[in-house]
Amino acid sequence: MAGVQEKFGVPPDRIIDYLTLMGDTVDNVPGVEKVGPKTAAKWIAEYGSLDGVIAAADKIKGAAGENLRKALDWLPMARKLVTVVLDCDLNGHVPQWPSLDALALRPVDEAGLQEFYKRNGFKTWLKELSAKAEAPVSEDMFAAAPVPAPDDTPRHYDTILDWALFDAWLAKLTAAELVAVDTETDSLDPMRAQIVGISFAVKAGEAAYIPLRHDGPDAPVQLPIDEVLAKLKPWLEDAAAAKLGQNLKYDTHVFANHGISLRGVQHDTMLQSYVLEAHKTHGLGALGERHLGRAGLSYEDLCGKGVHQIPFAQVDVARAAQYSGEDSEMCVALHEQLWPQIEREAGLTFVYRDIEMPTSALLARIERVGVLIDAPLLQAQSHELGQRLLALEQEAYEIAGQPFNLGSPKQIGEILFTKLGLPVVKKTATGAPSTDEEVLEKLSLDYPLPAKILETRGLAKLKSTYTDKLPLMINPATGRVHTNYAQAVAVTGRLSSNEPNLQNIPIRTAEGRRVREAFVAPPGHLIVSADYSQIELRIMAHISEDPGLLRAFGDGVDVHRATASEVFNTPLAEVTTEQRRYAKTINFGLIYGMGAFGLAQSLGIEQKAARDYIELYFNRFAGVKHYMDNTKARAAELGYVETLFGRRIYLPEIKGGNGPRKAGAERQSINAPMQGTAADLIKLAMIAVQTALDNEGKATRIVMQVHDELVFEVPQGELDWVKAEVPRLMAGVAQLKVPLLAEVGVGPNWDQAH
DNA sequence: TAAGTCACG
DNA sequence: ACGTACGTGACTTAT
């Protein structure tokens, strides 16, 4: 999508908003299937503009073309809508459905627009509109986004194909205060990527690319990779030589694959953007558009996509130099824009320099270490699950009176609700009868089939997602599984884990827990798990300073029991299991900003009763009530909330209109400081623990992080040290008004380490 | 590619 | 009248 700006005059991420909205609109035209953003983007690329697409509608083949023609009547309205949306860039979100005045619709009659909103379910909005009571849309809501002036400084990229130029650049790198680095590779898998080329930049607009393994038809003779890397190695490994880049965790892996330990990583533009604007996208192209007014070439521009995609090594060297050099050189330009914005805020500076940067380096280590998986054990479990699934399927077919696909919610719905006539409990977002766990649970009280489906679902999930897949993720070279921790995805500051996701390994059912038995320690080692106890509730106690909550944690009593004791006005020792369960649900609900409806739902009680409990709770824990009101008010005033350490979470919709979106933003404003502070704390804990391990020369290794838990692989001889020091370090990362508590477990595998 | 479902904290 | 508890990633089906 590079060049989008030139072509359409708007940045790509805003194009996506535009097209998505167009798709949504088309979706609501009777008989018209949705036109997704990708399809629409393809058309636009093909026909030059949206107008071009409309003009060429007749030429578009098949159902898509038919749909488009049907949608044409609606397009003027959709286009006007999105034009307004494009002009109001409140952090890339639609802040509020625009008023009729703002739309200034000419060709579409009011009735048609009202119909549109009705179909979209914005009846509150519609009511306001028909009462003509709506205030004009405020100006700042629709203020044009400050798109930076296109950067037309001259740019020059060297392609290094001889030693003279190489030596000149190496001298330049060595002398520079800060150098941007970017590697181009033959794989997206960081553990197996091999270098195809490297680029450097010391100032905006100027870069050098060293092609090393291009083997396309016209590839020139290149400098020998081994010699180049050997000459670069001292500088790359020099901690005093400051480096900069975009997601250097990836490049750290790439260099490690060539035996080079990248040091001196001082800045990372992806993390700078994440700290400044966690809710936006952090790709280099998007950053360029937002902050520099230029996107640069995209990977797809170079390599194509889908079946036509070519390996980077096949890319023409001149184009590769343009692409890679641009990436490096743009990092320098971005750094010059972003770093000052961070530096002038003490909180953001701490989060960036003392949390995110060290975390990035540490994550690279953790990912590289990987975790040992007992593949034969999982394969045995897969086999067993397969057998049981076969039997369950037959039983289900028997009850249904016909075979059907148990993996298809649609077919299940047909059998359950059409053929067998079971009552529809609830519907999905698209109006189809839901067959999710909650529904099947309810139905299985009265009918036999839902229970079978439920059991099948559970086992099928275990097999397909865990026992079948994890063994396939083992890296043959290391014999271990190496996840990727995404550091700039979750808006609250949490990490996320992918390929494979090691943060959602089953634990809640006995069946599922068996998967954890396959996360093992090598001979002579043990798995140690250390997790923060009730961290988010403790943070709530700290922030709210509620005396009751502070006392409960200070006394070290079971907090749910203490809550129950207060809410039910019962002596601590006489709290029943049931009362404790209620209190636990309330405590969790509060962290998420739950209302009476949600509490009633999850406890299976009347909404009125739930309301009473909440009122009772807020009477007893008035500090919590104050915190929630204050954080909402503060969020509405500032447009963001903060963690204890100053990480910001923006909530653009908290100022946008009324209704569900604002309510959603308010819940986020309550939850984000707690979830985010917990994320900050565990990152600090990881850094503290790794620092101690390094200083003490220990061989213990962090192998996983699961939000409030750290998992270690510990040589037997270091067990006592780890059991004593790790919880101490975790508890000591911050002095809150309540004690932080970390609990450790030890075992031969992850299941038994709890 | 979207929808539905479900695994985790 | 609406939706209703936060934050993620991945799998299967169906189009």
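This one's a predicted model, so the numbers in the text were calculated from it and none came from an experiment. Residue indices begin from 1 for each chain and proceed along its sequence in written order. As they are written, the chains are lettered A onward and the ligands numbered 1 onward, keeping that order. Two thresholds apply to this predicted model, a pLDDT of at least 70 for residue-level local features and 80 or more for giving and counting side-chain atom pairs, whereas whole-chain, interface and lining totals are computed over all residues. As a convention, hydrogens and water are excluded, and side-chain values are obtained from all of the structure's heavy atoms.

(A) Main features of the sheet that holds strand E8 (residues 474–475). In this analysis, strands are considered paired if DSSP registers two or more bridges between them. Strands are runs of DSSP state E lasting at least two residues, helices are runs of H or I lasting at least four, and both sets are numbered from the N terminus onward. One open sheet holds the 4 strands; their spatial order is E8-E9-E7-E12, and the pairing between them is antiparallel. At either margin of the open sheet sits one strand with a lone partner, and together these are E8 and strand E12 (519–520). The pairing of strand E7 (residues 371–373) with E12 spans 2 bridges and is antiparallel. By the bridge assignment for E12, Leu 372 is matched with Val 520.

(B) View of the domain arrangement of chain A. A domain assignment, automatic or from a database, supplies the domain bounds used here. Partitioning chain A into structural domains gives domain 1 (2–103), domain 2 (156–369), domain 3 (374–473), domain 4 (530–534 + 678–753) and domain 5 (536–676). The C-alpha-based centres of domain 3 and domain 5 are spaced at 35 Å.

(C) Layout of the protein's contact with DNA strand C. Close contacts around DNA strand C come from 32 residues, with Ser 408, Ser 496, Glu 499, Tyr 592 and Arg 667 the closest. Note on definitions. A residue lies near a molecule or strand when any single heavy atom of the residue is within 4 Å of it. By atom count, sugar and phosphate contribute 66% of the portion of DNA strand C lying within 4 Å of the protein. Broken down by secondary-structure element, the contributors of at least two residues to the surface near DNA strand C are helix H9 (123–130), helix H19 (409–419), helix H21 (449–467), strand E11 (496–498), helix H27 (577–591), helix H28 (596–603) and helix H31 (660–695). In terms of residue count, the dominant contributor to the surface near DNA strand C is H31 (4 residues). Under the convention adopted here, Pro, Cys and the residues Ala, Val, Leu, Ile, Met, Phe, Trp and Tyr are nonpolar, Asp, Glu, Lys and Arg are charged, and Gly plus all remaining residues are polar. Residue composition of the surface near DNA strand C, grouped by class: 7 nonpolar, 18 polar and 7 charged.

(D) Geometry of the packing of aromatic side chains. Note on aromatic pairs: the rings of Phe, Tyr and Trp (six-membered ring only in Trp) are paired at centre separations within 6.5 Å, and the planes decide the class, stacked below 30 degrees, edge-to-face beyond 60, tilted for the rest. Enumeration according to the criterion identifies 14 aromatic pairs in this entry. Look at Phe 350 and Phe 645: their rings are 5.8 Å apart centre to centre, the planes differ by 15°, and that puts the pair in the stacked class. Placement of Phe 350 in helix H17 (residues 346–369) and of Phe 645 in the loop between strand E14 (640–642) and strand E15 (648–650) is noted, with a sequence separation of 295 residues between them. Think of it in three bands: with a 1.4 Å probe and only protein chains considered, a residue is buried below 20% of the maximum accessible area for its type, exposed above 50%, and partly exposed in between. What makes Phe 645 buried here is its relative accessible area of 16%. Among the aromatic residues, those joined into a ring-pair cluster are Tyr 299, Phe 312 and Tyr 323.

(E) Inspection of the layout of surface pockets at higher detail. Only protein atoms enter the calculation, which uses a 1 Å grid: trapped sets of points that fit a 1.4 Å probe without letting it out are cavities, open sets showing protein on both sides within 12 Å along at least five of seven lines are pockets, and any residue with an atom within 4 Å of a point is a lining residue. Grid points are joined across faces, edges and corners, and a volume is the space filled by probe spheres set on the points. Taken as a whole, the second largest pocket holds about 1,800 Å³ of empty space. In terms of lining residues, the second largest pocket is bounded by 45 residues, among which Ile 505, Pro 506, Ile 507, Arg 508 and Arg 516 are the most central. At the level of secondary structure, the elements contributing two or more residues to the lining of the second largest pocket comprise H21, E11, strand E13 (525–532), helix H24 (535–544), H27, H31 and strand E18 (742–747). No other element matches the 8 residues that H21 contributes to the lining of the second largest pocket. Residues of the lining of the second largest pocket, tallied by class, amount to 18 nonpolar, 14 polar and 13 charged.

(F) Layout of the nonpolar core. Phe 519, Met 540, Leu 549, Tyr 617, Phe 712 and Met 730 are the most contacted members of the largest nonpolar core, which totals 111 residues. Sorting elements by how many residues they give to this core places H31 first, with 12 residues. Any pair of residues with heavy atoms lying within 4.5 Å of one another is described as a contacting pair. When residues no more than four places from it in sequence are discounted, the contact partners of Met 540 are Glu 545, Leu 549, Leu 590, Tyr 617, Val 624, Met 628 and Met 674. Residue types Ala, Val, Leu, Ile, Met, Phe, Trp, Tyr and Cys, when buried and joined through side-chain atoms within 4.5 Å, form a set referred to as a nonpolar core. If you look at the next biggest cluster of nonpolar residues, it comprises 27 residues, including Leu 173, Val 179, Leu 229 and Ala 241.

(G) Quick peek at the pattern of salt bridges. Definition used for salt bridges: Asp or Glu carboxyl oxygen within 4 Å of a side-chain nitrogen of Lys or Arg. Taken as a whole and judged by the stated rule, the model has 34 salt bridges. A salt bridge links Lys 426 to Glu 438; the nearest nitrogen and oxygen atoms lie 3.2 Å apart. Here Lys 426, found in the loop between H19 and helix H20 (437–443), pairs with Glu 438, found in helix H20; they are 12 residues apart in sequence, far enough to count as distant. Across the pair Glu 713 and Arg 701 runs a salt bridge, and its minimum N-O distance is 3.1 Å. Linking Glu 713 in strand E17 (residues 709–715) with Arg 701 in strand E16 (residues 701–705), this pair joins segments that are 12 residues apart in sequence. Ionic contacts of the salt-bridge type, sharing partners, join the residues Glu 345, Arg 634, Glu 642 and Arg 648 into one network.

(H) Spatial organisation of helix H13 (residues 269–276). Of all 8 residues in H13, 8 are buried; the element is thus mostly enclosed. Along H13, the positions that sit buried rather than exposed are Thr 269, Met 270, Leu 271, Gln 272, Ser 273, Tyr 274, Val 275 and Leu 276. Those residues of H13 that are buried are in contact with strand E5 (243–245), strand E6 (265–268), helix H14 (284–292), helix H16 (317–343), H17 and E15. Polar contact is the term for a pair of N or O atoms within 3.5 Å; when the atoms are in protein, one must be able to donate a hydrogen and the other to accept it, and sequence-neighboring residues count only if both atoms are side-chain atoms. Where H13 begins, the capping side chain belongs to Asp 268, and its oxygen is found 3.0 Å from the backbone nitrogen of Met 270.

(I) View of the side chain of Thr 435. The topology assignment puts Thr 435 in the loop between H19 and H20. In this structure the side chain of Thr 435 is engaged in a polar contact, spanning 2.8 Å, whose partner is the side chain of Arg 457.

(J) Highlighting empty space enclosed by the protein. With the rule as written, the count across this model stands at 3 cavities of 30 Å³ or more. There is about 50 Å³ of room inside the largest cavity. Mapped onto the lining of the largest cavity, the elements with two or more residues apiece are helix H18 (375–400) and H21. A per-class count over the lining of the largest cavity returns 3 nonpolar, 2 polar and 2 charged.

(K) Structural detail: the packing of helix H26 (residues 559–567) against helix H29 (residues 607–620). Two elements in contact, H26 and H29, have axes whose closest approach is 9 Å; the angle formed by their N-to-C orientations is 100°. Taken together, H26 and H29 sit at an angle that is classed as roughly perpendicular. Facing Thr 563, Glu 566 and Val 567 of H26, the residues of H29 in contact are Tyr 613, Leu 616, Tyr 617 and Arg 620. Broken down by class, the residue content of the contact of H26 with H29 amounts to 4 nonpolar, 1 polar and 2 charged. Axis geometry follows a simple rule: fit a line to the C-alpha atoms, using only the stretch in contact for helices, then measure angles between N-to-C directions, giving values from 0 to 180 degrees. Note on terminology: angles under 35 degrees are roughly parallel, angles over 145 are roughly antiparallel, angles of 65 to 115 are roughly perpendicular, and the others are oblique.

(L) Quick look at the pairing of E6. Where E5 lies against E6, 3 bridges are found, and the strand directions are parallel. Counterpart to Lys 243 in the pairing with E6 is Val 265.

(M) Inspection of H17 at higher detail. Each residue after the first adds 1.5 Å to the expected span of a helix. Counted at 1.5 Å a residue, the expected span for H17 with its 24 residues is 34 Å, and the 34 Å between its end C-alpha atoms agrees. Axes are fitted to the seven residues ending at a residue and to the seven starting at it; the angle between these axes is taken as the bend at that residue. Most pronounced at Tyr 352, the bend in H17 amounts to some 30°.

(N) Examining the sheet that holds strand E2 (residues 179–185) more closely. The strand order E1-E4-E3-E2-E5-E6 describes an open sheet built from 6 strands, whose pairing is mixed. Taken across any chain shown, the strands that pair with only one partner, and hence form the sheet edges, are strand E1 (156–159) and E6. Averaged over all pairs of adjacent strands, the angle between strand axes in this sheet comes to 25°, irrespective of strand direction. In this sheet, E5 lies alongside E2 in parallel orientation, the contact comprising 2 bridges. By the bridge assignment for E5, Ala 180 is matched with Leu 244. Here helix H12 (residues 248–257) sits on the sheet in contact with E2, strand E3 (195–203), E5 and E6, set at roughly 65° to E2.

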